[in-house]
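Residue-level structural notes
Residue-level listing of the chains:
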Amino acid sequence: MIYKTLGKTGIQVSALGFGAMRLPMIERGNGKIVDEDKAIPLIHRALDLGINYVDTAPGYCDRQSEAVVGKAIKGRRDSIYLSTKNPIEDASGDNWRRRLENSLTQLDTDYIDFYHMWGINLHTFENKVDVPGGPMEAAWRAKDEGLIRHISFSFHDEPGNIFKIIDSGYFETVLLQYNLLDQSLTAGMEHAYNKGMGVVVMGPVGGGRLGAPSEAIRSMLGHVRSTAEMALRFVIANPYATVALSGMSDLTMLEENAAVASIPGGLTEEERIRVADMLEENKRLADLYCTGCNYCMPCPVDVNIPRVFQLMNYSRVYGLHDYAKQEYRKLADGDIKNGRNADVCVECGSCEEKCPQDIHIIHQLRETSAALGVAAG
Ligand code: SF4
Ligand code: SF4
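Just so you know, these numbers come straight off a predicted model, no measurement behind them.

Focus: the overall build of the protein chain
Of the regular secondary structure elements, the protein chain holds 15 helices and 12 strands. Here the C-alpha radius of gyration of the protein chain, 22 Å, is about what a compact globule of 377 residues would show, namely 21 Å. Once the C-alpha set of the protein chain is aligned to its principal axes, its extents read approximately 65 × 50 × 50 Å. The buried share of the protein chain, taken over its 377 residues, is 50%. Pairs at least 24 residues apart make up 71% of the contacts formed inside the protein chain by residues separated by at least 6 positions. Surface accessibility of the protein chain: about 16900 Å² in total, with carbon and sulfur atoms responsible for 49%. Measuring between centres, the 39 positive side-chain charges of the protein chain sit 2 Å from its 50 negative side-chain charges.

Details of the site of ligand 2
Taken together, 13 residues lie around ligand 2, and Cys290, Cys293, Asn294, Cys296 and Cys355 are the ones closest in. Here the residues of the shell around ligand 2 are counted per class, giving 9 nonpolar, 4 polar and no charged.

Structural notes on the site of ligand 1
Close to ligand 1 lie 14 residues; Cys299, Cys345, Cys348, Gly349 and Cys351 are nearest. Looking at the shell around ligand 1 residue by residue, the class counts come to 11 nonpolar, 2 polar and 1 charged.

Here's the deal with the domain arrangement of the protein chain
When cut into domains, the protein chain gives domain 1 (3-272) and domain 2 (287-376). The straight-line distance from the C-alpha centre of domain 1 to that of domain 2 is 32 Å.

Notes on helix 11 (residues 251-260)
In an α-helix, one turn spans 3.6 residues, which is why side chains three or four residues apart end up on the same side. For helix 11, every residue scored as buried is listed here: Leu254, Asn257, Ala258 and Val260. Looking down the long axis of helix 11, one finds its buried residues gathered within 155 degrees of arc, a one-sided arrangement. In the core, the buried residues of helix 11 are packed alongside strand 3 (16-19), helix 1 (36-48), helix 10 (227-236) and strand 12 (243-247). For helix 11, the side-chain oxygen to backbone nitrogen distance between the N-cap and Thr252 is 3.1 Å, and the N-cap itself is Asp250.

Here we look at the side chain of Arg99
Along the chain, Arg99 falls in helix 4 (residues 93-107). With relative accessibility at 15%, the residue Arg99 sits in the buried group. Of note is the side chain of Arg99, whose polar atom sits 3.3 Å from the side chain of Glu89. Apart from residues lying up to four places away in sequence, Arg99 is in contact with Asn86, Pro87, Ile88, Glu89, Asp90 and Tyr115.

Concerning helix 14 (residues 321-332)
Taking 1.5 Å per residue, 12 residues should reach 16 Å; helix 14 reaches 17 Å between its end C-alpha atoms and fits that length. For helix 14, the full list of buried residues reads Tyr323, Ala324, Glu327, Tyr328 and Leu331. An end-on view of helix 14 places all buried positions within 130 degrees of arc, on one side of the element. Check the buried side of helix 14 and you find it contacts helix 13 (305-316) and helix 15 (361-372).

Focus on the pairing of strand 3
Of the two faces of strand 3, the one lined by Leu16 and Phe18 and the one lined by Gly17 and Gly19 are each fully buried. As judged from the 4 bridges shared by strand 3 and strand 12, these two strands associate in the parallel manner. Counted as the bridge partner of Gly17 is Leu245 from strand 12. Across 2 bridges, strand 3 lies against strand 6 (residues 53-55) in parallel orientation.

Observations concerning the environment of Leu16
Within the element layout of this structure, Leu16 appears in strand 3. Overall, Leu16 belongs to the buried group, its relative accessible area being 0%. Through-space distance from the C-alpha of Leu16 to that of Val243 is 5.6 Å; in sequence the pair is 227 residues apart. Setting aside anything within four residues of it in sequence, one finds Leu16 in contact with Met1, Ile51, Leu232, Val243, Ala244, Ser246, Met248, Asn257, Ala258 and Ala261.

Considerations on the pairing of strand 8 (residues 112-120)
Within a regular strand, side chains alternate between the sheet's two faces. For strand 8, the buried fraction is high: 7 of the 9 residues fall into the buried class. Judged from the 5 bridges that link them, strand 7 (residues 81-87) and strand 8 form a sheet pairing that is parallel. Bridging across to strand 8, Pro87 finds its partner in Trp118. Taken together, strand 7, helix 4 and strand 8 constitute a β-α-β crossover, and its handedness is right-handed. Bridging between strand 8 and strand 9 (residues 148-155) involves 6 bridges; their strand directions are parallel. Across the sheet, residue Phe114 finds its bridge partner in strand 9, namely His150.

The rules behind these values
Residues numbered from 1 in each chain as written. Chains lettered and ligands numbered in written order. Predicted model: local features only at pLDDT ≥ 70, side-chain atom pairs only at ≥ 80, totals over all residues. Heavy atoms only, no water. Helix = DSSP H or I, 4+ residues; strand = E, 2+ residues; numbered from the N terminus. Rg over C-alpha atoms; globule rule 2.2 N^0.38 Å. Buried < 20%, exposed > 50% of the residue type's maximum accessible area, 1.4 Å probe, protein only. Contact = heavy atoms within 4.5 Å. Areas by Shrake-Rupley, 256 points an atom, 1.4 Å probe, with all protein chains shown as cover. Lys, Arg positive; Asp, Glu negative; His and termini not counted. Charge placed at Lys NZ, Arg CZ, Asp CG, Glu CD. Near = heavy atom within 4 Å. Nonpolar A, V, L, I, M, F, W, Y, C, P; charged D, E, K, R; others polar. Domains from an automatic or database assignment. Arc of directions from axis to C-beta. Polar contact = N/O pair within 3.5 Å; in protein donor to acceptor, adjacent residues only side chain to side chain. Expected span 1.5 Å × (residues − 1). Pairing = 2+ DSSP bridges. Right-handed = clockwise from strand over helix to strand, strands pointing away.

Written as structure tokens, this is what we have:
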């Protein structure tokens with residue numbers, strides 16, 4: 001296992017972190033419960049393989065993840081760094097504190113190593129976190145009492161908004177999204193690193209997108225066995241990334257990821273630059289096609305045009321055919337908030353005049369439907 005120094009904390013953490021958001025589940029009664037007979041040995045195996053960063057959250061695995069992680073780390077608490085999160089539901093420090101106490105109970109521990117303001121954006125930070133009597137003050141108090149060791153945040157916002165939160169100087173680590181297909185937070189990661197923060201990456205394999213086989217991505221480096229391996233190595237090789245957090249649900253996935261996180265250096269600097277250049281070129285090709293600007297929306301029959309074209313790009317440019325087809329069909333299944341796929345377009349033409357890229361949207365939608373829809377098999 002590769003270990004990296006987590007910013008100014010000086011702590012040595014494993015380059016691969018165990019994300020307890022996809023623990024094995026079984027049907028029980030009307031719902032699902034975590035299969036502890038599988039989940040606990042899985043976490044033990046992760047620790048045996050040298051993983052010392054374990055991340056959970058109150059909502060994971062139907063709200064059972066924290067309790068299962070608590071059981072799994074019994075007797076090994078001092079040799080791991082435990083991370084969990086507090087959803088910022090309002091600006092009340094007292095409510096924040098109640099949620100912290102609940103997590104400590106669920107985890108059955110006296111302290112949390114990395115405690116996150118969960119999923120914040122700049123607006124939440126300024127209006128709900130950093131306010132008199134709010135979560136930030138409550139967090140400092142909890143730290144003084146030894147209930148939490150390090151204050152962290154996880155970030156979901158426009159990339160440019162991360163700088164102000166980092167520059168507050170309040171946080172020791174940040175949890176953010178970064179992977180082969182989404183490098184929008186690269187500058188933010190570098191900034192955090194230069195400020196002495198630890199950078200923990202969620203979604204190193206693109207929320208599963210990069211788990212699907214893609215010869216186009218795998219072949220960027222001849223000696224890499226799978227797309228998932230390539231994706232993980234890409235994150236681990238980034239000098240600004242401290243931990244790549246992967247949600248692992250079985251032993252095979254765990255052992256494969258741990259093996260990748262034990263390859264010294266992940267990718268060489270030369271390989272990393274080569275991959276980044278190739279991805280940049282791919283992105284340029286994709287952008288020529290559709291920038292995702294959304295100007296063509298809304299559509300009277302709810303075709304989600306940018307999403308449909310994004311999926312077409314995943315297939316055409318990145319070779320992620322199976323993933324693209326699967327997601328395209330999900331749009332057909334009628335979850336209206338995500339819009340619909342190209343199959344329902346009535347060719348009214350109202351979108352075409354709004355597209356700054358002058359894309360022949362109707363024609364391209366027809367092509368996408370043929371490539372990803374039912375006719376594509
Ligand atoms: S042409 Fe099709 S996609 Fe465009 S607005 Fe009309 S129905 Fe929607
Ligand atoms: S307006 Fe054109 S470029 Fe923008 S999302 Fe729609 S199709 Fe893509």
